[in-house]
Amino acid sequence: MNVVLLTILTLVGLGVISAVVLYMASKKFYVFEDTRIDVVEEILPATNCGGCGFPGCRAFAEALVKADDISSMNCPVGSSATMAKVAEALGKVAGNAKPQVAVVRCNGTCEHRLKLNNYDGAISCAVAAALYGGETGCSYGCLGCGDCVEACKYDAMYMDEETGLPVIIEDKCIACGKCVEACPKNIIEMRNIGPKSRRIFVSCVNKDKGPVAKKSCEVACIGCNKCFKICPHDAITMADNLAYIDDDACKLCRKCVEVCPTFSIHELNFPPRKKKAEEEAAAVES
Amino acid sequence: MLKTFSLGGIHPEENKLSADCEIEVLPLSPVVKVPISQHIGAPAQALVKKGDIVKTGQVIAKSSGFVSANIHSPVSGTVEKLEEVIDSSGYRRTAIIIKSEGDEWEEGIDRSPEIKREISSGKEEIIKRIAEAGIVGLGGATFPSHVKLSPPPGQKCELLIINGVECEPYLTGDHRLMLEKGEEVLIGVQLLMKALDVKRAIIGIENNKPDAIKHITNLSKDIEGISVQPLKVQYPQGGEKQLIEACIGRQVPSGKLPIEVGAVVHNVGTSYAIYEAIQKNKPLIERVVTVTGKSVKKPGNYLTRIGTPVSDLIEAAGGLPEDTGKVISGGPMMGKALSTVDVPVAKGTSGVLIMPDELSSRKPVQDCIRCAKCVSVCSMGLSPYLLMALSERAIWDSAEEEKVLDCIECGSCSYICPSSRPLLDYIRLGKSKVGQIVRSRTTQQQ
Amino acid sequence: MEKLIVSPSPHVHSGDSVKKNMYGVIIALLPALAASFWFFGLGALIVTLTSIAACLLFEHLIQVYLFKRPSTISDGSAIVTGLLLAMNLPSNLPLGIIIIGAAVAIGIGKMSFGGLGQNPFNPALVGRVFLLISFPAQMTSWPTPIISRTAYLDATTGATPLSVVKGGLISGTPLSELMAQIPSYKDMLIGTMGGSLGEVAAIALLLGLAYLLIKKIITWHIPVSVVGSVIILAGIMHLADPEVYPSPTFHVLSGGLLLGAFFMATDYSSSPMANKGMLTYGVGIGVLTVLIRTFGSYPEGVSFAILIMNSFTPLINKYIKPKRFGEKPAIQKAYKN
C-alpha cells in the first residue's frame, strides 16, 4: 500500500513542481507578439518564396505590421489584390504594384543564332558567363544551361530542347523573381501581366551595334529606333543600341511590333490580327 | 634534395616540345588589333582615332589610373577604326585596329642588337620608365609592373625573386629567353633590384631546364647579389606564393601580398622587357609566344608583335591541324580556351596551345567518391570538394570561411579528380561571388 | 576543323578515374585472395564468388529498378565491396548467409545512402557486422588452414589465436602458456592460422598495401596511424603486465587488424578528407581495437572500431581542416645565404 501511495505522491509532487516552473517560465519569458501578424500571415499566400525580399511570409507579415508606410512593399505572388487586403486589415495604405510574371527576353534559338563553338565546361550559366560570351556570336543572350530552371521552385520553367531557350509556364509562375536572380545575363525580367495577360516586350538584350548584333543573331534588336519613333505613348526608350518598352506606359497598341525589322518585339496572348489577314486576302485577289 | 613548396602539387606531363626551338621573329601582320585592356586594372584610354597615322612604339592608349598601363602601337600605319573584338577574355572589348604600312619606329628607340650594360638610371626614373613603357607581368597575370615596384608605405622589400620556373606544361618561352637573352634578362634583374633598393635577387628555375640553370648561373657568377635556385619540378611552382616558399621558405599569409614577407616576384619575361624599356627605350610591343601542341607540325617560339591574330601564329607553325578541338591561349593548366582563332595576341599571351580533338573534351562528370585527392594536391591547403559543393549550392558565407578567396586557380584539383568533376569551375564562381560580397562589405564599412 | 571547344581551365586531366581506383584496390587484394585460396581452397573460392556475384546483383537491381538510374556495376565498387566482404567471412559459411550479408552490405550499407561516395560506413563492414550479430555461431567457426582445402561446409574448424587468448585469459590461464597454444609469429605472418579468408596472410596484405601506396590510391596516413597506435598502446600495456596483455606483435599479426587498416579503414567515403583528420581517425581505430580486444566480450574488435570511427568522420571533417598555406607564423627567420 505504502509503495502505491509513495508513487502517487511522487508523481503528483513532480506534476505540481513542473506546473509551477512552467507557469513562472511562461510569465517570465513571455514574448509579446502583435496579433495582427497572424492576421496578415493568413492573408499572404503562404508560398514562402522570398520574392518580397523577406525570408518567408511570416517575416514579411512582421515587417508589414511594423512598417508605418507599406506602399513600397509588395507581395509579388498576390500583388495588388493581396496588398489591398493587407492594407485594409492594418489600416494602412497599399501601393498599387501590378501583378507580374516572368518573361524571357531572348529569342536566340538555335535557328536564329548560329553556334560558333562548343561549350564543354560545368553545366551552369554562371560558370559559362564567367568564362566567355557564349557559344554564339551574341555575348548578351541566353547561355542555355538552365540556371533559371534550376532556381524555379514552382516548376514554372523548362528548357525547350529544340530552341535551347527557357520557357515560362505562365499559369505556374508566381513572380517570386528567383529566376531573375539566377540568370547571369539578366535576360529574365518581371513584367506586368497586363490586361487579359497581353504583353508586349523587346525579346532581346543585345547591346552590340546593329550590324554586329544582326550578324550574330537574326532576331536581335539592332537599335534602329523605328519602334521608338512610332510609339504614340512614349513607352519606348533607347539605350546602348537597345530598345526597352516600359510596361506601365505601354498601351498595347502593337504599332512597334509591326515596324520592327528583325521581329524582336514580341506580343503575347493577343488574338490573331484581322487586318493582316484581310490584306493578304486582298493581295491574293489582286 | 631540391627545394620546392610544401603543400600539395602535381606533376603533369611536361610536353616541352619547343624547348630546343630558337626564338624566331614573326613577320608583321597586315592588320593588328590592339585591345585597350590587356592588363589587370582599369582599361587604358585610347588616344588615337580613325585615320591617325601611328609609328611603331608610339603611345596609342594611355594608362587611366595607378593600376593600369600604357599601350603602344606595335606597328606603324593607319588607324582603321576602334572596334569591339573578341579578345582572350571571351568577350567583345574595344580594340584599336591598325593597318600596318612599313615598319617605321618612333624616334629614340634603340633597335641595335648591342647589349647596353651600364645602368645609368636612378630608382625613381626606372619605375617611371617602366610605367611609361606599359610593362605588365608577362607570366600571364598581367599585373602592371610599376605597381609591384612601389611597395606600400611602411613595408620594406628585402629581396627580389625572379620567376624562371615556367611550370606550365608545353610552354617554353621563358626557357628560350633565359638561354638566348640571358645577359639582357640579368641586366633587367639588376634594374629591378635598383628600383626596389634590394641587395639580393634569387632566380628560381625548375630542374627540367638544366641548360638554363647552367647558363644563368655562369652569367650571374660575377654579379653581386644574384643567385640561381634550382627547384624540384612541381606544378604550380610558378605561382607567386608557391615560388616564394620554394625559394626562401616563407609563406605569404592569407589575403596578403608577397611584400608581407619581404619579397617581390617578377617573371624573366618581364625582366627582359624592363631591360629593353630602360636600356633601349623600347616599350612593350612584342613578346615571345610559344606555339605548340602534339598535333602542330612545327612547334616553336615566336617573337610576336602585340595585336597579331593568333591565326597568323598558327600559320607560322604549320597551320591549324585538321583534328583541332581546342585552341588555348596560355598553358594547358591555366590558359584560356579561345572561341575563335581571330583573337589578337595580348601582353599576357604566353603561348598558343593546340589540342587535338581526342584531348579536348572533358570526361563525363561522375559523383564525388570522397577520395580526398583534391585535398591532398591543393597547394593552398584548401578543401576543393567542399568549396565546389558550397559554390554549387550558393552558400557563400561558408565558402568565405573555408577561404575560397585563397584559391590560386591552378587547377590541380580538377586535374587529379578521378570523377572528372569540374571543381575549379565552381570554385572560380565562388571566388568571384565571395569577392563581390567582401568588396561590398568593405565599401559599406567605409 | 569543326567548331572549337571552349571550357574553363585546366585543359588536361590526369587520366585517373573511379574505375582505375576501384580496380586498383582489387589488384591490391589479389595476393591476399591467392593466399586465401591456398589456405582454405574450395571454401574460399565459393565464398568469394558468391559474395561478389551477390553484391553485383544487388547493386544492379537497386540502381536499375529502384533508383531508375543506369547500372553502375562496371565501376568496380561493387566488386570491391563483395571481395572485402568475402575477405571478412570464414570459408565454411553457408551460401544463404553470404547472400544476406551482401544484401545488407549493398542495400543498407551503400545504396540506402545514395550509392558510391555517399555511404557513411564501410559497406562490407556493415554486412560483416550484421552477420556477426545475426549468425554468431556460423560467423565464429573458423576452418583450419590447409587441412580443410578440399572441404566447404564440412571443414574441420579450430580457434583463432585471438579467441584462444581471450578464452584462456578469461579462465585465468597465464599468457605465457597461451602463447604456446597458438601458431608461431612466423606462421601468423605467412597466414597458417584460423581466421577469415583475407585476414590470415599478413605478408600478402603488406604486398597489397605497397601496391596501393605506389599507385597513389591511398595515402600512408590511415594504415600507419592505425597500426602505429595499436603498437604503441598494446606495447605500453604489455610492458605494464606481460602476463595479462599480449605483445604488440601478437596484436598486429592476429585477427583482421592489417586487413582492416589497409583495406577497410581506408574506404574513401567513410574516412576523413584531411591528412590530420586521417591520422586522428586512424589513431581512434587503433585505440578502440586494442580496448575492445582487451576489455570487450568479443575477441576481435577491428570491425567495430572502424565502424565507430566511421561515424566520427563527418565530425572530424568539420573540425579538422587541412593545413592551410600561410598559416605558418607571419614573420619567419631572416633570409640567410
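Conventions and cut-offs
Residues numbered from 1 in each chain as written. Chains lettered and ligands numbered in written order. Predicted model: local features only at pLDDT ≥ 70, side-chain atom pairs only at ≥ 80, totals over all residues. Heavy atoms only, no water. Helix = DSSP H or I, 4+ residues; strand = E, 2+ residues; numbered from the N terminus. Rg over C-alpha atoms; globule rule 2.2 N^0.38 Å. Buried < 20%, exposed > 50% of the residue type's maximum accessible area, 1.4 Å probe, protein only. Contact = heavy atoms within 4.5 Å. Areas by Shrake-Rupley, 256 points an atom, 1.4 Å probe, with all protein chains shown as cover. Lys, Arg positive; Asp, Glu negative; His and termini not counted. Charge placed at Lys NZ, Arg CZ, Asp CG, Glu CD. Phe/Tyr/Trp six-rings, centres within 6.5 Å; stacked < 30°, edge-to-face > 60°. Lys NZ or Arg CZ within 6 Å of the ring centre and 35° of its normal. Salt bridge = Lys/Arg side-chain N within 4 Å of Asp/Glu carboxyl O. Buried area = accessible area lost by both parts, 1.4 Å probe. Polar contact = N/O pair within 3.5 Å; in protein donor to acceptor, adjacent residues only side chain to side chain. Domains from an automatic or database assignment. Nonpolar A, V, L, I, M, F, W, Y, C, P; charged D, E, K, R; others polar. Pairing = 2+ DSSP bridges.

Draft legend 1. The arrangement of the overall build of chain A in detail. Helices and strands together make up the secondary structure of chain A, namely 11 helices and nine strands. For chain A, the C-alpha radius of gyration of 28 Å lies well beyond 19 Å, the compact-globule estimate for 286 residues. Projected onto its principal axes, the C-alpha positions of chain A cover 110 × 50 × 35 Å. Within the span of chain A, comprising 286 residues, buried residues form 41% of the whole. Across chain A, every contact between residues at least 6 apart in sequence was considered, and the portion connecting residues at least 24 apart equals 56%. Of the roughly 16,300 Å² of accessible surface on chain A, 58% is carried by carbon and sulfur atoms. Distance between charge centres in chain A, computed from 32 positive and 35 negative side chains, equals 4 Å.

Draft legend 2. Broad picture of the packing of aromatic side chains. According to the stated counting rule, one finds four aromatic pairs over all chains in the structure shown. Taken together, a centroid distance of 6.3 Å and an interplanar angle of 25° make the contact between Tyr-272 of chain B and Tyr-275 of chain B stacked. With Tyr-272 of chain B and Tyr-275 of chain B both in helix H7 (residues 268–279) and three residues apart, the pair spans about one turn of that helix. According to the relative accessible area criterion, Tyr-272 of chain B is buried, its value standing at 13%. Measuring from ring centre to ring centre gives 5.2 Å for Tyr-298 of chain C and Phe-304 of chain C, while their planes differ by 40°; the resulting arrangement is tilted. Under the relative-accessibility criterion, Phe-304 of chain C is labelled buried at 18%. Sitting over the ring of Trp-38 of chain C, Arg-149 of chain C keeps its end group 4.1 Å from the ring centre. Over the face of the ring belonging to Tyr-319 of chain C we find Lys-318 of chain C, whose NZ or CZ atom lies 5.7 Å from the ring centre.

Draft legend 3. Highlighting the pattern of salt bridges. All names here are of chain B. Considering all chains together, one arrives at 38 salt bridges over all chains under this definition. Between Arg-305 and Asp-103 there is a salt bridge, with its nearest N and O atoms 3.0 Å apart. Of this pair, Arg-305 sits in strand E14 (residues 300–305) while Asp-103 sits in the loop between strand E8 (92–100) and helix H1 (123–132), placing them 202 residues apart in sequence. Relative accessible area serves as the criterion here: at 9%, Arg-305 is assigned to the buried category. The shortest N-O distance in the salt bridge between Arg-176 and Glu-180 comes to 3.0 Å. One end of the pair, Arg-176, and the other, Glu-180, are both in helix H3 (residues 173–180), four residues apart, so they sit about a helical turn from each other.

Draft legend 4. Examining the interface of chain B and chain C more closely. At the interface, 71 residues of chain B touch 43 residues of chain C. Between chain B and chain C lies a buried interface of about 4,800 Å² when both sides are counted; carbon and sulfur atoms form 55% of it. When the area that chain B buries against chain C is broken down by residue, the three leading residues are Gln-251, Ile-369 and Arg-370 of chain B, summing to 14%. At the boundary of chain B and chain C, one finds three salt bridges. For Asp-16 of chain C, the salt bridge goes to Lys-373 of chain B, with nearest N and O atoms at 2.8 Å. Taken together, chain B and chain C are joined by 20 residue pairs in polar contact (both at pLDDT 80 or more).

Draft legend 5. Molecular detail of the domain arrangement of chain A. Residues and elements named next belong to chain A. In terms of domain boundaries, chain A breaks down into domain 1 (35–90) and domain 2 (100–275). Each of domain 1 and domain 2 has a C-alpha centre, and these two points are 30 Å apart. Contacts between domain 1 and domain 2 engage seven residues on the former and five residues on the latter. Interface area, domain 1 with domain 2, both sides summed: about 460 Å², of which 53% is carbon and sulfur. Here domain 1 is connected to domain 2 by zero salt bridges. Residues that form the side of domain 1 that touches domain 2 fall into these classes: three nonpolar, four polar and no charged.

Draft legend 6. Representation of the sheet that holds strand E5 (residues 59–62) of chain B in the model. Residue and element names in this part refer to chain B. Pairing within the open sheet is antiparallel, and its three strands lie in the order E3-E5-E6. Unpaired on one side and paired on the other, strand E3 (45–46) and strand E6 (71–72) mark the two borders of the sheet. In this sheet, E6 lies alongside E5 in antiparallel orientation, the contact comprising two bridges. Bridged to Ala-61 within E6 is Ile-71.

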